Amino acid sequence: MDLRAGDSWGLLACLCTVLWHLPAVPALNRTGDPGPGPSIQKTYDLTRYLEHQLRSLAGTYLNYLGPPFNEPDFNPPRLGAETLPRATVNLDVWRSLNDKLRLTQNYEAYSHLLCYLRGLNRQAATAELRRSLAHFCTSLQGLLGSIAGVMAALGYPLPHPLPGTEPTWAPGPAHSDFLQKMDDFWLLKELQTWLWRSAKDFNRLKKKIQPPAAAVTLHLEARGF
Amino acid sequence: MAAPVPWACCAVLAAAAAVVYAQRHSPQETPHVQYERLGSDVTLPCGTANWDAAVTWRVNGTDLASDLLNGSQLVLRGLELGHSGLYACFHRDSWHLRHQILLHVGLPPREPVLSCRSNTYPKGFYCSWHLPTPTYIPNTFNVTVLHGSKVMVCEKDPALKNRCHIRYMHLFSTIKYKVSISVSNALGHNATAITFDEFTIVKPDPPENVVARPVPSNPRRLEVTWQTPSTWPDPESFPLKFFLRYRPLILDQWQHVELSDGTAHTITDAYAGKEYIIQVAAKDNEIGTWSDWSVAAHATPWTEEPRHLTTEAQAPETTTSTTSSLAPPPTTKICDSGELGSGGRPSAPHFFSVPVALALAAAAATASSLLI
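This structure is a prediction, so every number in the text was calculated from the model and none was measured. (Residues numbered from 1 in each chain as written. Chains lettered and ligands numbered in written order. Predicted model: local features only at pLDDT ≥ 70, side-chain atom pairs only at ≥ 80, totals over all residues. Heavy atoms only, no water.)

(A) Spotlight on the interface of chain A and chain B. Taken together, the 25 residues of chain A in the interface contact 22 residues of chain B. When chain A packs against chain B, close to 2200 Å² is buried across both sides, 55% of that on carbon and sulfur atoms. Its largest share of buried area at the contact with chain B, chain A owes to Leu91, Trp196 and Lys200 of chain A, together 27% of the area lost on that side. A salt bridge links Lys200 of chain A to Asp284 of chain B, with the nearest nitrogen and oxygen atoms 2.6 Å apart. At the junction of chain A with chain B, the criterion picks out 14 residue pairs in polar contact (both at pLDDT 80 or more). (Contact = heavy atoms within 4.5 Å. Buried area = accessible area lost by both parts, 1.4 Å probe. Salt bridge = Lys/Arg side-chain N within 4 Å of Asp/Glu carboxyl O. Polar contact = N/O pair within 3.5 Å; in protein donor to acceptor, adjacent residues only side chain to side chain.)

(B) Looking closely at the pattern of salt bridges. Per the stated rule, a full pass over the model turns up 18 salt bridges over all chains. Residue Asp234 of chain B pairs with Arg95 of chain A through a salt bridge whose shortest N-O separation is 3.4 Å. Linking Asp234 of chain B in the loop between β19 (218-227) and β20 (240-248) with Arg95 of chain A in helix α4 (residues 91-96), this pair reaches from one chain into another. Judged by its relative accessible area of 12%, Asp234 of chain B is buried. Linking Arg167 of chain B and Glu155 of chain B is a salt bridge whose minimum nitrogen-to-oxygen distance equals 3.2 Å. With Arg167 of chain B in strand β14 (residues 163-167) and Glu155 of chain B in strand β13 (residues 155-156), this residue pair connects regions lying 12 residues apart in the sequence. Since its relative accessible area comes to 55%, Arg167 of chain B is described here as exposed. (Helix = DSSP H or I, 4+ residues; strand = E, 2+ residues; numbered from the N terminus. Buried < 20%, exposed > 50% of the residue type's maximum accessible area, 1.4 Å probe, protein only.)

(C) Summary view of the UniProt feature "domain: Fibronectin type-III" (unreviewed entry) in chain B. Mapped onto the present numbering, the UniProt feature "domain: Fibronectin type-III" (unreviewed entry) falls at residues 206-306 of chain B. Helix makes up 0% of residues 206-306 of chain B and strand 48%. Its end C-alpha atoms lie 39 Å apart. (UniProt positions renumbered as here; feature names shortened; annotations may be inferred.)

(D) Representation of the side chain of Asp184 of chain A in the model. Residues and elements named next belong to chain A. Counting through the fold element by element, Asp184 comes out in helix α7 (residues 177-208). The buried charged residue Asp184 lacks any salt bridge, with Lys181 as its nearest oppositely charged partner at 8.2 Å. Here Asp184 is in contact with Tyr61, Leu65 and Leu120, once residues within four sequence places are set aside. (Lys, Arg positive; Asp, Glu negative; His and termini not counted.)

(E) View of a nonpolar patch on the surface. Residues and elements named next belong to chain B. Together, Ile250, Leu251 and Tyr271 make up an exposed nonpolar region whose accessible area comes to about 320 Å². Tracing the chain through its elements places Tyr271 in the loop between β22 (264-267) and β23 (276-284). Overall, the relative accessible area of 47% leaves Tyr271 in the partly exposed class. (Patch = residues over 30% accessible without salt bridge, like charges linked within 9 Å, V, L, I, M, F, W, Y side chains within 5 Å. Areas by Shrake-Rupley, 256 points an atom, 1.4 Å probe, with all protein chains shown as cover.)

(F) Fine view of the state of the cysteines. Taken as a whole, this structure holds 3 disulfides over all chains when the rule is applied. Paired through a disulfide, Cys154 of chain B and Cys164 of chain B show a sulfur-sulfur distance of 1.8 Å. Judged by the sign of its S-S torsion, about 90°, the bond between Cys154 of chain B and Cys164 of chain B is right-handed. You can see Cys154 of chain B sitting in the loop between β12 (150-152) and β13 and its partner Cys164 of chain B sitting in strand β14, a full 10 residues away along the chain. With respect to class, Cys154 of chain B is no different from Cys164 of chain B; both count as buried. Along chain B, the cysteines that take part in disulfide bonds pair up as 1-2, 3-4, 5-6, counted in sequence order. There is no disulfide at Cys137 of chain A, and the cysteine sulfur nearest it, in Cys115 of chain A, is 9.8 Å away. (Disulfide = S-S within 2.5 Å.)

(G) Quick look at the packing of aromatic side chains. For the structure shown, the criterion picks out 23 aromatic pairs over all chains. An angle of 90° between the planes, with centres 5.6 Å apart, marks the rings of Phe125 of chain B and Phe196 of chain B as edge-to-face. Residue Phe125 of chain B is located in strand β10 (residues 124-130), and its partner Phe196 of chain B is located in strand β17 (residues 188-196); the two are separated by 71 residues in the primary sequence. The structure contains a cluster of three or more aromatic residues connected by ring pairs, namely Trp94 of chain A together with Tyr121, Phe125, Tyr168, Phe172, Tyr177, Phe196 and Phe238 of chain B. Looking at Arg58 of chain B, its charged tip hangs above the ring of Phe90 of chain B, at a distance of 5.4 Å from the centre. (Phe/Tyr/Trp six-rings, centres within 6.5 Å; stacked < 30°, edge-to-face > 60°. Lys NZ or Arg CZ within 6 Å of the ring centre and 35° of its normal.)

(H) Broad picture of the nonpolar core. Among the nonpolar cores identified, the biggest contains 97 residues, and Tyr110 of chain A together with Tyr121, Phe125 and Leu244 of chain B are the most heavily contacted of them. Here this core takes 12 residues from α7 of chain A, the largest share from any one element. In this view, Tyr110 of chain A contacts Leu140, Leu143, Leu144, Ile147, Leu191, Trp194, Leu195 and Ser198 of chain A; residues no more than four positions away in its chain are not counted. Formed by 15 residues, the second largest nonpolar core is a distinct cluster that contains Cys46, Tyr87, Cys89 and Leu103 of chain B. (Core = buried A, V, L, I, M, F, W, Y, C linked by side-chain atoms within 4.5 Å.)

Here's what the structure looks like:
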């Protein structure tokens, strides 16, 4: 992420690097484990739960931002918010993603999104909003842990933070209030879209991973992948 | 001499044909096409004729009364659809055709109704449109699809003229799609547009081949099977969930069951002996809306056939008094005792064993008494 003056996402880079270094959820106990199947299911269920939670959170937050952000046909051009992880992907590319890449993209996306959400939380005006956001962040952290668990079970390494992220930043000119709200709008939109995409991603993974009986064999094959 | 007469005839015929041809293919041979608004008034001039020229007007070959004339011009007031037709004005004396007007009475288009739907997610979506009220004259439609600032191609449907198809290039987009349509005809112009997110327009086609069958020896069960709609391209990665509704024909209230996977379900609370109507709907597991209801399947649960005339009258509605409706006569029971000994039929509850035991005991007692 490059730190552009006035880009609020850049200002959160410090926080993001801190989060990257948080210890990942320890790998599933390999002895007698039923394979990654149940944890993929659990991750899928978590994305559904989060999507449901986000619906009410986003509604409340957009109302707090006020019009035009809370209008249903608000359709602004996508300007700024360059560093937000985008869920959109070419159809054929998405189909042909291998499991490792699919999981990695999900993990990286939610790591960034969680970071930005925490930034949002710090700026939120009302206590109730802060509470809802904090609750959501906790759930999102749970999703991250769940994805990490699946990756560990399949023998994939967790992604490392990108080189070049600076621990210090130079505060740029003040971000206009409207532009800040636009950034918030796109964050919530991208989060919602990622949750829909993840449901489809984990559906695909579910179908590809064999039922528990054959999980051990597959697990060994995956390790040699 | 016979020969000159036929030749003369031919010559006359040829001349007549030439005259007719000249008349029909006069300078005004192609009628002037004119569109006028329903309910309006119109004055049709007889081509370039003077106002005071003596002309006769005809519509579709029928003479028109002269009271409609204003000089050589035809005046039509309060146009109705029936006024549409071919108007021709002739020189009154020579019957020379001066001018022809093909009049179409119609209306300018009202705002079109446009809707888009994806029944082939993630392949693409289609948009269809129609006018809320007819215009009675030809209309042309022009559809444009924008994804953010990118223009997308909407391919015309080969069969339906009010539909076109768009293919998704990218999935999981946060940018909305905007579909605009403009309609125009000779009398006016109108347009509308709709904006939507990729996920909101997902609506599968209804499930196919819904079949309901009775389950043998189960008077309260019906087995329902169906197939995912053939238009849904990838049920593996984009699984569907289903909603089943059923009711006996004699009742109005539906029972509902939601099923997260599988394409079969057994109804276990059907009213015995009543014909049921069953329908299924489908939805993507996470996004979009439910499909329309499928074509209805009909079935009646299994009922036992009456075996003997002496058997008690069947009372299929009274499922509480099982003994009377399900217990066959004792003579049959002895023949089936072997089956019961080895585990019995699934529909044979415990009370059968009492008459069987008694019968067996009676038979054994009789046999032993005979032997002694």
